[in-house]
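# Chain and residue survey
Here is how the chains run, residue by residue.
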Amino acid sequence: MLRFMANRLLLLVPILFGVVTITFFLMYVVPGDPVLSLAGERYDEETLEGMRRELGLDRPLFIQYLNYLGRLARFDLGRSFVTGRPVSESIAERFPRTLLLASSAMLLAVAGGVFAGMLSTWRRYDRLGRPLMALSLAGVSIPVFWLGLMLIYLFSIKLRLLPPSGFGGGSLRYLVLPALTLSFASMATIARVTRAGFMEAGSGDFVRTARAKGLAESSVMAKHVFRNALIPVVTIVGTDFGSYLSGSVLTETIFGWPGLGRYIVQAIMKRDFPVIQGSILFMAVLFVVVNLLVDVSYGLIDPRIRQRGA
Amino acid sequence: MKADLKEFISRFRRSRSACAGLAVLVIVVIAVSLSGMIPSGGRDEIDLDRSLEPPSAAHPFGTDAFGRDLLLMVLRGGRISLTVGFVARTISLLLGIALGTLAGYGGRRADSIVMRLADITFAFPTLLLLIAIMAVATPGLVTLFTVLGVVGWAAMARLVRAQVLAVREREYVQAAMAAGAGHFKIVAVYILPQCLSTLIVVYTIGLGMTIMAESSLSFLGLGVQPPAPSWGRMISGGIAFMRTAPWLTLFPGLVLTLTVCSLNLLGDGLRDILDPKMFSGAKTIRGGF
């Protein structure tokens, strides 16, 4: 197990390095002079020159890149062109709200998805099972931003049950709609995977053996079917983490949720490059680390993978 | 080869999801292409007397803020969304074939370089990477094609590489090598045709995701620029009228969902028909883009 984990950790190094390099060069190719947008309307050549020197933009590309790496090592993501505030501070302030939204959505997706998947396996031929599966198919095809708007229309404008947007100090009423929106596609995928898992595990030889040796049905279900059927669900939660991050950009924009996703969109509108660069880098690194954790947890659940990976 | 095709068609007919997906897709594509060709009878002209009319027999989807028929506008918006999808996917396909073959066939060093690049591409949440690139790029259709196409290369390349590695050691390939066939001929004649079914499936599944990504970008104002219509932009434009004219948001999204859904159905069906075992890992399915 230790070797498996060490292997995965080693793989992380070149990937993180690549991610950092790509985000650096991405913002370097920005058309136009970043100093111009920084200085705003009132400027003269001398101030611009001074700012360029201050930001190190007059140095060769390679030196700038090294400086960038050096600043990153101190968790310095630069300052916002617009507010002058350190980007890392803003991320620290906003990320917990995105985390709240994403983790609620994830919880909802797993609970709802596993439940729907099991329900549609047990009642696969009747009036409940089929519509559930149809819904789960549609679920992965609905654009998250449109779903959000439709939910706002239904629950806020028509039924007046829930607020259409805002954070409300993190109260549950404000959390429901965005969390449901963000969870939907993942919930649908989990439902499909759970169903497939139960069908496959339920007909496996090891289940027949367990029944044949006289185990109680509840024990067969809990120890043999359930565990095997849910392995793919763990993968989905992991691979979908990226879609939670991307989805949070759209969901937060629609629901006026003051998290990291909305911060990025606002920065794009104002062409606030250090903010875009820093936030995207933060999310990508988070994504890489979470994928690593999922890989490792996968190895914990399924010893076969551990051996293959080492 | 002919027998394979026959077998494929008969299996395709028996797959309900593939047939349903293809049928809906064909209808959408025909309707979208016709929308630009047939005379509109003044339905696309600005007429403020007719603005924001709810759905009716004359205007099944209602009218937009300028009094234009929304059904016609939605179908015209589809031209860009579908074109972007197909062009971007084709770029991904070509890049994937080139780099995947290079990795699988070109020796150890090429393999490790290409695969590390793929790992790095996968390290970004796809839509987030797209947002970042589009935020700094000069907006426009060509940028959109290129960026969506390039970002999708990695999934394609991984699959091609896996296939190339699997086929490379087969006896008939070895025999062709022994007979003195050049590298190009071996790849083009003996290896790539074996990857065909995999590529078709991945192309189709990724198509839905690409169209969805284009809409998301356009929704955020990062994709197709005004005045060109696209589904994502129509939906974001409808937000201001959510209370008074919800159909402006409803219908573009409905048609978008239907299109993506038909592609997903078709992709799922094709996967089951062509090779169910090839895609046993859930990651491959989801990472089709």
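Everything numeric in this text was worked out from a predicted model, so none of it was measured. (Residues numbered from 1 in each chain as written. Chains lettered and ligands numbered in written order. Predicted model: local features only at pLDDT ≥ 70, side-chain atom pairs only at ≥ 80, totals over all residues. Heavy atoms only, no water.)

### Focus on the overall build of chain A
A tally of regular secondary structure across chain A gives 14 helices and 0 strands. Sequence-ordered secondary structure for chain A, helices as α and strands as β, is α-α-α-α-α-α-α-α-α-α-α-α-α-α. A buried classification covers 47% of the 310 residues belonging to chain A. Counting only carbon and sulfur atoms, one obtains 64% of the accessible surface of chain A, whose full area is about 15700 Å². Charge separation in chain A, taken as the distance between the mean sites of 32 positive and 20 negative side-chain charges, equals 15 Å. (Helix = DSSP H or I, 4+ residues; strand = E, 2+ residues; numbered from the N terminus. Buried < 20%, exposed > 50% of the residue type's maximum accessible area, 1.4 Å probe, protein only. Areas by Shrake-Rupley, 256 points an atom, 1.4 Å probe, with all protein chains shown as cover. Lys, Arg positive; Asp, Glu negative; His and termini not counted. Charge placed at Lys NZ, Arg CZ, Asp CG, Glu CD.)

### Observations concerning the overall build of chain B
If you tally the helices and strands in chain B, you get 12 helices and 0 strands. Counting from the amino terminus, helix and strand elements in chain B follow one another as α-α-α-α-α-α-α-α-α-α-α-α. For chain B, the residues scored as buried account for 50% of the 289 residues in total. Contacts in chain B between residues far apart in sequence, at least 24 positions, make up 70% of those at least 6 positions apart. Accessible surface, chain B as shown: approximately 13100 Å² in total, 66% of it carbon and sulfur. (Contact = heavy atoms within 4.5 Å.)

### Section: the domain arrangement of chain A
All names here are of chain A. Parsing chain A into structural domains produces domain 1 (2–73) and domain 2 (87–309). Computed from C-alpha coordinates alone, the two centres of domain 1 and domain 2 are separated by 33 Å. Facing the 17 residues of domain 1 at the interface are 16 residues of domain 2. Taking both partners together, domain 1 and domain 2 bury about 1500 Å²; carbon and sulfur atoms supply 80% of that area. It is Phe 4, Arg 8 and Met 27 that lose the most area in domain 1 upon contact with domain 2, and together they represent 39% of the buried surface on that side. (Domains from an automatic or database assignment. Buried area = accessible area lost by both parts, 1.4 Å probe.)

### Re the pattern of salt bridges
Across all of its chains, the model carries 12 salt bridges over all chains by this definition. A salt bridge links Arg 85 of chain A to Glu 93 of chain A, with the nearest nitrogen and oxygen atoms 3.1 Å apart. Measuring nitrogen to oxygen at the nearest pair gives 3.1 Å for the salt bridge that ties Arg 116 of chain B to Asp 119 of chain B. With Arg 116 of chain B and Asp 119 of chain B both in helix α4 (residues 108–123) and 3 residues apart, the pair spans about one turn of that helix. A residue is classified by how much of its surface remains accessible, and Arg 116 of chain B, at 33% relative accessible area, is partly exposed. With relative accessibility at 16%, the residue Asp 119 of chain B sits in the buried group. Look at the salt bridges and you will find they share partners, linking Arg 85, Glu 89, Glu 93 and Arg 97 of chain A into a network. (Salt bridge = Lys/Arg side-chain N within 4 Å of Asp/Glu carboxyl O.)

### As for the environment of Glu 53 of chain B
Residue and element names in this part refer to chain B. Checked against the element boundaries, Glu 53 lands in the loop between α2 (16–37) and α3 (70–105). Considering only alpha carbons, one finds Glu 53 and Ala 178, 125 residues apart in sequence, at a separation of 73 Å. What Glu 53 contacts, discounting residues up to four positions off in sequence, is His 59, Gly 62, Thr 63 and Trp 247.

### Here we look at helix α11 (residues 241–255) of chain A
Residues and elements named next belong to chain A. An ideal rise of 1.5 Å per residue puts 21 Å on 15 residues; α11 measures up with 20 Å between its terminal C-alpha atoms. A bend of about 35° at Gly 247 is the largest found in α11. Where burial is concerned, most of α11 is hidden: 13 out of the 15 residues are buried. Positive phi shows up at Gly 256, right after α11, with a value of about 55°. (Expected span 1.5 Å × (residues − 1). Bend = angle between axes of the 7 residues up to and from the residue.)

### A few points about the state of the cysteines
Scanning the entire structure with this criterion turns up 0 disulfides over all chains. Cys 261 of chain B provides the cysteine sulfur closest to Cys 19 of chain B, a residue in no disulfide bond, and the two sulfurs are 15 Å apart. (Disulfide = S-S within 2.5 Å.)

### Some thoughts on the nonpolar core
Within the largest apolar cluster, 149 residues are counted, with the highest numbers of intra-cluster contacts made by Phe 145 and Ile 276 of chain A together with Leu 70, Leu 130, Ile 131, Phe 219 and Leu 220 of chain B. Ranked by residue count, the leading element in this core is helix α9 (residues 183–219) of chain B, at 15 residues. Counting contributing residues, this core receives three or more from each of domain 1 (2–73) and domain 2 (87–309) of chain A. If we ignore the near neighbours within four places in the chain, the residues touching Leu 70 of chain B are Phe 61, Gly 62, Thr 63, Asp 64, Met 234, Trp 247, Leu 248 and Phe 251 of chain B. (Core = buried A, V, L, I, M, F, W, Y, C linked by side-chain atoms within 4.5 Å.)

### Remarks on the environment of Val 29 of chain B
Residues and elements named next belong to chain B. Tracing the chain through its elements places Val 29 in helix α2. You can call Val 29 partly exposed: its relative accessible area is 29%. In this structure the C-alpha to C-alpha distance between Val 29 and Ile 273, which are 244 residues apart in sequence, comes to 23 Å.

### Observations regarding the packing of α4 of chain B against helix α7 (residues 153–168) of chain B
Residues and elements named next belong to chain B. At a closest axis distance of 9 Å, the pairing of α4 and α7 adopts a crossing angle of 140°. In terms of their interaxial angle, α4 and α7 are classed as oblique. Taken as a pair, α4 and α7 cross one another with a handedness that is left-handed. Residues Asp 111, Val 114, Met 115, Leu 117, Ala 118, Asp 119, Thr 121 and Phe 122 of α4 pack against Trp 153, Ala 154, Ala 155, Arg 158 and Arg 161 of α7. Counted by class, the contact of α4 with α7 contains 8 nonpolar, 1 polar and 4 charged residues. (Axes fitted to C-alpha atoms, helices over the stretch in contact; angles between N-to-C directions. Parallel < 35°, antiparallel > 145°, perpendicular 65-115°, else oblique. Left-handed = near helix turned anticlockwise from the far one by under 90°. Nonpolar A, V, L, I, M, F, W, Y, C, P; charged D, E, K, R; others polar.)

### Remarks on the packing of aromatic side chains
Here the distance between the centres and the angle between the planes together describe a pair of aromatic rings. All names here are of chain A. Counted according to the given criterion, the structure contains 10 aromatic pairs over all chains. Within the aromatic cluster, the residues linked to one another by ring pairs are Phe 24, Phe 25, Tyr 65 and Tyr 68. A cation over an aromatic ring shows up here: Arg 97 above the ring of Phe 167, its NZ or CZ 5.5 Å from the ring centre. (Phe/Tyr/Trp six-rings, centres within 6.5 Å; stacked < 30°, edge-to-face > 60°. Lys NZ or Arg CZ within 6 Å of the ring centre and 35° of its normal.)

### Examining unusual backbone geometry
Residue and element names in this part refer to chain A. With phi around 60°, Phe 75 is a residue other than glycine that occupies positive phi space. As for its position among the elements, Phe 75 is in the loop between α4 (61–73) and α5 (87–122). With relative accessibility at 70%, the residue Phe 75 sits in the exposed group. With a phi close to 55°, Arg 160 is a non-glycine residue in the positive phi region. Along the chain, Arg 160 falls in the loop between α7 (144–158) and α8 (172–202).

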